[in-house]
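# Summary of the model geometry
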Amino acid sequence: MTSTSVKRKAPDTDTSSASKTPPPVASFTSRNPPWTYLKLQLIHQPGTSTTVQSQPLDPLTVRTYLTSALSQFLGLAGSAISIDILQISPETSQRKKPNSTNKIVWIRVPCEDASAVVAALSSWIGGNPGGGVVGSVAWKVCAKGNFLGALIQGPGDDLFVP
């Protein structure tokens, strides 16, 4: 018996896009996201002077307002909730409109504490209790979500720009 070798022709490699099959689609489901993202707006109460309203927010003031709201609503347990300040919007629109108070803050909190944080921030009024020049401020919860990209309706590139 003689053995014969059989040669096989290599498959044709066609570079046209019509013959290529798309790669398989991978799906990913995150059932328990660890973080909840909140978009907050600082609201000045009526009667607050325009000089106070025109002052930009700084991280220390934001942290003080957030901690005050949480500790007033939840006590010591509220002040222990971890909050990451992601972005504080600049006061660029202030020059165009003198009465504009568009002070936006993005924060991240643990998912299990999100409902308590929303309740604490939305019911808090801080600042000078007598009003006057300083006036009172409050937080308005503009948006809440477990995924930052879906929350800001985009890729999120502008959130982390210094």
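How each quantity is defined
Residues numbered from 1 in each chain as written. Predicted model: local features only at pLDDT ≥ 70, side-chain atom pairs only at ≥ 80, totals over all residues. Heavy atoms only, no water. Phe/Tyr/Trp six-rings, centres within 6.5 Å; stacked < 30°, edge-to-face > 60°. Helix = DSSP H or I, 4+ residues; strand = E, 2+ residues; numbered from the N terminus. Buried < 20%, exposed > 50% of the residue type's maximum accessible area, 1.4 Å probe, protein only. Axes fitted to C-alpha atoms, helices over the stretch in contact; angles between N-to-C directions. Parallel < 35°, antiparallel > 145°, perpendicular 65-115°, else oblique. Contact = heavy atoms within 4.5 Å. Polar contact = N/O pair within 3.5 Å; in protein donor to acceptor, adjacent residues only side chain to side chain. Salt bridge = Lys/Arg side-chain N within 4 Å of Asp/Glu carboxyl O.

- Per an unreviewed UniProt entry, the chain goes by the name Ribonucleases P/MRP subunit Pop8-like domain-containing protein and belongs to Aspergillus tanneri.

### What to know about the packing of aromatic side chains
- This structure, assessed with the given rule, holds 2 aromatic pairs.
- On the numbers, 5.6 Å between centres and 45° between planes, the contact of Tyr-65 with Trp-124 is tilted. Pair noted here: Tyr-65 is in helix H2 (residues 59-74) and Trp-124 is in the loop between helix H4 (114-122) and strand E4 (125-127), with a separation of 59 residues, a long-range link.
- For Tyr-65, a relative accessible area of 21% gives the class partly exposed.
- What makes Trp-124 buried here is its relative accessible area of 4%.

### Some details on the packing of H2 against H4
- Where H2 contacts H4, the axes come no closer than 8 Å and their chain directions differ by 100°. As summarised for this structure, H2 and H4 are arranged roughly perpendicular, according to the angle between their axes. For the pair H2 and H4, the contacting residues are Leu-66, Ala-69, Leu-70, Phe-73 and Leu-74 in the first and Ala-116, Val-117, Ala-119, Ala-120 and Leu-121 in the second.

### Some details on the side chain of Lys-103
- Within the element layout of this structure, Lys-103 appears in strand E3 (residues 103-110).
- Here His-44 takes part through its side chain, which lies 3.0 Å from a polar atom of the side chain of Lys-103.
- One polar contact links the side chain of Lys-103 to the main-chain carbonyl oxygen of Gln-53, over a distance of 3.2 Å.

### Some points on the pattern of salt bridges
- One pass over the structure, following the stated rule, counts 1 salt bridge.
- Across the salt bridge formed by Asp-84 and Arg-108, the nearest N and O atoms sit 2.7 Å from each other. With Asp-84 in strand E2 (residues 84-88) and Arg-108 in strand E3, this residue pair connects regions lying 24 residues apart in the sequence.
- For Asp-84, a relative accessible area of 23% gives the class partly exposed.
- A residue is classified by how much of its surface remains accessible, and Arg-108, at 22% relative accessible area, is partly exposed.

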